[in-house]
Amino acid sequence: MNTSVTTQKDWWPSPAKLNLFLHILGRYENGYHQLQSLFQMLDYGDSLAFAISTDNTEIKMDTPLEGVPDDENLIIKAARLLARKANCNKGAVISLDKRLPMGGGIGGGSSNAATTLVALNYLWDTGLSEDELAELGLSLGADVPIFVRGLTAFAGGIGEDITPAPQPEQYFLVANPNVHVSTAEVFTSEDLPRNTPPMRWEDYEFEKTWNDCQQLVANLHPEVANLLQWLVHYAPSRMTGTGACVFATFSDYTLAEQVRAKMPEAWQSFVAKGVNRSPLLDKLEQQR
Ligand SMILES: C[C@](O)(CO)[C@H](O)COP(=O)(O)OP(=O)(O)OC[C@H]1O[C@@H](n2ccc(N)nc2=O)[C@H](O)[C@@H]1O
Ligand SMILES: Nc1ncnc2c1ncn2[C@@H]1O[C@H](COP(=O)(O)OP(=O)(O)OP(=O)(O)O)[C@@H](O)[C@H]1O
């Protein structure tokens with residue numbers, strides 16, 4: 001009798017983030033920029049599952065990520081980095097349920113890397129602290145530490161200097177005009193403003209902030225400008241990160257969905273709820 005056992009995968013969340021604002025204050029010697037931003041975690045994102053092996057140290061994806069060779073996949077990079085740091089003698093076959101657009105400014109790749117570090121640190125029992133995982137993550141990307149810590153927060157420095165900042169409950173319509181924006185291209189442009197004065201976190205008001213990358217990206221990509229112009233009729237809207245995704249803020253889910261229903265088909269979009277704690281932290285607590 002052929003009994004096919006479907007092994008239920010244990011999925012770990014890899015949520016998206018929005019930069020509710022993004023101010024660029026200056027540039028460090030190493031070329032990275034000094035930022036001020038408010039990272040808003042969302043309850044929507046990718047998911048990852050890990051099949052751990054104890055008799056070999058192979059680390060691989062069970063399905064390749066389209067357009068991203070395994071060696072360049074931030075998931076594989078994160079797993080290899082942790083294995084090396086912890087001198088780990090275990091392996092993993094990693095499954096990815098990809099729902100976030102890549103190069104979208106919503107942290108897809110960085111979030112995947114952070115979930116991989118947190119999940120494998122637990123599943124491999126490598127015992128690194130949150131600070132050690134965040135530091136490891138920083139070498140993979142400026143946005144990885146904030147996903148490791150998993151809290152909606154103000155961020156300074158290159159993005160690693162984090163101050164938790166719980167926000168009131170709100171919903172976000174996030175839309176992608178289906179253009180890929182290179183973060184490096186934006187940050188190396190001579191047209192990027194780099195002299196916004198520093199803000200005290202206690203003075204934060206959404207209406208008094210902006211995204212310093214928005215005008216540059218809208219000039220480079222008319223699709224982004226069109227999306228902003230369409231969305232702003234319904235709610236305060238703004239680009240996140242270095243784009244191309246744009247978000248609009250709503251007080252309740254139904255309103256956001258009603259606007260999304262009017263959106264041209266060509267634009268990928270989703271409605272997500274802002275959360276102050278990443279679903280990754282909740283998953284880790286359930287495991288313990
Ligand atoms: C724009 C944000 O998404 C805001 O959350 C992040 O600051 C970017 O984080 P990220 O995508 O993880 O960026 P990384 O992969 O670390 O860096 C990509 C490129 O962006 C530039 N970069 C990034 C972050 C930063 N504070 N200054 C920079 O100049 C650098 O040229 C770097 O080579
Ligand atoms: N697992 C992954 N998921 C998404 N992108 C990945 C992944 N691994 C490598 N990449 C590469 O990283 C690039 C940036 O990915 P993405 O923009 O999704 O993440 P991010 O840089 O964290 O987001 P943000 O633009 O907000 O900084 C992608 O264009 C892709 O080429």
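All values derive from a computational prediction rather than experimental measurement.

Draft legend 1. Inspection of the UniProt feature "binding site: ATP" (unreviewed entry) in the protein at higher detail. Residues given the UniProt feature "binding site: ATP" (unreviewed entry) here are Pro-101, Met-102, Gly-103, Gly-104, Gly-105, Ile-106, Gly-107, Gly-108, Gly-109, Ser-110 and Ser-111. For Gly-104, the position within the fold is in the loop between strand 4 (91-97) and helix 2 (108-123). The class of Gly-104 is buried, set by a relative accessible area of 3%. Excluding its chain neighbours within four sequence positions, the residues that come into contact with Gly-104 are Thr-240, Gly-243, Ala-244 and Cys-245. Following the sequence through the fold, Ser-111 ends up in helix 2. Relative accessible area serves as the criterion here: at 0%, Ser-111 is assigned to the buried category. Leave out the neighbours within four places in its chain, and Ser-111 touches Ser-14, Pro-15 and Phe-147.

Draft legend 2. Expanded view of the packing of helix 2 against helix 3 (residues 130-138). Direction vectors running N to C along helix 2 and helix 3 enclose 140 degrees, while the axes themselves pass 10 Å from each other. Considered as vectors, helix 2 and helix 3 are oriented oblique to each other. The handedness of the crossing between helix 2 and helix 3 is right-handed. In contact with Leu-117, Val-118 and Asn-121 of helix 2, helix 3 contributes Leu-133, Leu-136 and Gly-137. Its residues placed into classes, the contact of helix 2 with helix 3 shows four nonpolar, two polar and no charged.

Draft legend 3. Focus on the UniProt feature "domain: GHMP kinase C-terminal" (unreviewed entry) in the protein. As annotated in UniProt, the feature "domain: GHMP kinase C-terminal" (unreviewed entry) corresponds to residues 210-267 in the numbering used here. When the span residues 210-267 is considered, its composition is 47% helix and 14% strand, and the gap between its end C-alpha atoms is 23 Å.

Draft legend 4. Examining the site of ligand 1 more closely. The full set close to ligand 1 counts 16 residues, and Asn-19, His-33, Ala-142, Asp-143 and Ile-158 are the nearest of them. Interatomic distance of 3.5 Å between a side-chain N/O atom of Tyr-32 and an oxygen atom of ligand 1. Between Ile-158 and ligand 1, the recorded distance is 3.1 Å, taken from a backbone N or O atom to a nitrogen atom. Here ligand 1 has 620 Å² of accessible area as a free molecule, and 83% of this is covered by the chains. Along the lines of polarity and charge, the residues of the shell around ligand 1 split into seven nonpolar, seven polar and two charged. Each of domain 1 (11-165) and domain 2 (171-275) contributes no fewer than three residues to the shell around ligand 1.

Draft legend 5. Looking closely at unusual backbone geometry. A cis amide bond, omega 15 degrees, links Gly-243 with the succeeding residue Ala-244. Structurally, Ala-244 is set in the loop between strand 8 (237-239) and strand 9 (246-250). In this structure, Asp-125 is a non-glycine residue whose phi angle is positive, near 60 degrees.

Conventions we followed
Residues numbered from 1 in each chain as written. Chains lettered and ligands numbered in written order. Predicted model: local features only at pLDDT ≥ 70, side-chain atom pairs only at ≥ 80, totals over all residues. Heavy atoms only, no water. UniProt positions renumbered as here; feature names shortened; annotations may be inferred. Helix = DSSP H or I, 4+ residues; strand = E, 2+ residues; numbered from the N terminus. Buried < 20%, exposed > 50% of the residue type's maximum accessible area, 1.4 Å probe, protein only. Contact = heavy atoms within 4.5 Å. Axes fitted to C-alpha atoms, helices over the stretch in contact; angles between N-to-C directions. Parallel < 35°, antiparallel > 145°, perpendicular 65-115°, else oblique. Left-handed = near helix turned anticlockwise from the far one by under 90°. Nonpolar A, V, L, I, M, F, W, Y, C, P; charged D, E, K, R; others polar. Near = heavy atom within 4 Å. Polar contact = N/O pair within 3.5 Å; in protein donor to acceptor, adjacent residues only side chain to side chain. Areas by Shrake-Rupley, 256 points an atom, 1.4 Å probe, with all protein chains shown as cover. Domains from an automatic or database assignment.

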